[in-house]
Every structure is written in structure tokens, then in C-alpha cells.
Amino acid sequence: MRHGIVWVLVGLTVSSVVHLTAHHPMGRVYDQQRTMTIEGDVGRVLHVVPHPRLHLVVEDDQGTMRTWAVELDAANQLTGSAVSQAVLGLGDRIMVCGNPGRDPGEYRLHMLTLTRLSDGWSVASEHRPASQCESS
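Let me sum up the structure you'll find in this document. (Residues numbered from 1 in each chain as written. Predicted model: local features only at pLDDT ≥ 70, side-chain atom pairs only at ≥ 80, totals over all residues. Heavy atoms only, no water.)

**As for the packing of aromatic side chains**
- In the structure shown here, the tally under the stated rule is one aromatic pair.
- Ring geometry for Trp68 and Tyr107: centres 5.3 Å apart, planes at 80 degrees, overall edge-to-face. Here the residue Trp68 occupies a position in strand S3 (residues 65–71), and Tyr107 occupies one in the loop between strand S4 (93–100) and strand S5 (108–116), the gap between them amounting to 39 residues. (Phe/Tyr/Trp six-rings, centres within 6.5 Å; stacked < 30°, edge-to-face > 60°. Helix = DSSP H or I, 4+ residues; strand = E, 2+ residues; numbered from the N terminus.)

Spelled out as C-alpha cells, the structure:
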């Protein structure tokens, strides 16, 4: 009986450590003082925990195609009731405003607002002020 309890405690400890290392402080990865807006085509939708991601194929000012990793706040932004009625598909043209990654070579963006251009459907961050995007 004791060995069973010990193994349960070990398992809980390991899973806690794995969860904590998988989650990163947003301010360390993204510059939350700046915003930028990118427009491109959805290349991939990743339903991962704790933060779903979109791969967005964007043409830069020099005509080079770049794949941006766009991170959302929580899984319910892709699977919640408002989003389930308007699921993003591969090739959908979208515009995303968000906080850029601190390392510009990583092409990362933490979403504040996302708009599908074909029909104007949009979603905004539930945890951070989307009003930051009005000036970008």
C-alpha cells in the first residue's frame, strides 16, 4: 500500500514539473509593450496545451514568405462556443494583431485580436486588452 502511495506522489510531482516547464512567462518570450499586425494564410492549427498555436504564412516587405507562430491565450479561444461556429481552416486569410516575440528571428506573435478577412469574423484575447491593437 505504501509503495502505491509513493508512486502516485512521484507521478504527481513529475507531471507538475513537466507542466511548469512547458508553460513560459509571456513577458519573457513576448514584448508586451509593443504590438504589430500581420496578415497571411493559415498554414496549420495546433490544438496544444496550454496555448494553441496557428502557423501563419506571411509575405514580408521583401517578398519572402515567412511562417509565423501565433500563440493564443487558451484552448477555449479555438474550441469555445464563439469560435466553434467559425472554425479557422487551412488557407484562410487572416489578420492578427499581437505582441511580437522578443527574438525577431523566431517570428512569433502572441495574439490580441484575430480577424478572418473573408467574412470579418474575429476573436479577441480574453486576458489582455485588445485596445492595444487600435494604435498599431
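Now that the structure is up, let's keep going.
**A short note on the pairing of S4**
- When you tally the buried positions in S4, you get six out of eight residues, the bulk of the element.
- Direction of pairing for strand S1 (residues 36–46) relative to S4: antiparallel, over a ladder of six bridges. From the neighbouring strand, Ile38 faces S4, where its bridge partner is Val96.
- Relative to S5, S4 runs antiparallel, the two sharing seven bridges. (Buried < 20%, exposed > 50% of the residue type's maximum accessible area, 1.4 Å probe, protein only. Pairing = 2+ DSSP bridges.)

**Section: the pattern of salt bridges**
- Applying the stated criterion across every chain, the model contains nine salt bridges.
- With its nearest N and O atoms 3.0 Å apart, the salt bridge here joins Asp31 to Arg34.
- Arg34 gets classed as partly exposed once you look at its relative accessible area, which sits at 43%.
- Among the charged side chains, a network of salt bridges with common partners joins Arg53, Glu71, Glu106 and Arg108. (Salt bridge = Lys/Arg side-chain N within 4 Å of Asp/Glu carboxyl O.)

**Looking at the nonpolar core**
- In this structure, Ile38, Leu56, Ile94, Val96 and Leu114 are the most contacted members of the largest nonpolar core, which totals 16 residues.
- Of all the secondary-structure elements, those providing two or more residues to this core are S1, strand S2 (53–59), S3, S4 and S5.
- Sequence-distant contacts of Ile38, that is, excluding residues within four places in its chain, are made with Leu56, Val58, Trp68, Val70, Ile94, Met95, Val96 and Leu109. (Core = buried A, V, L, I, M, F, W, Y, C linked by side-chain atoms within 4.5 Å. Contact = heavy atoms within 4.5 Å.)

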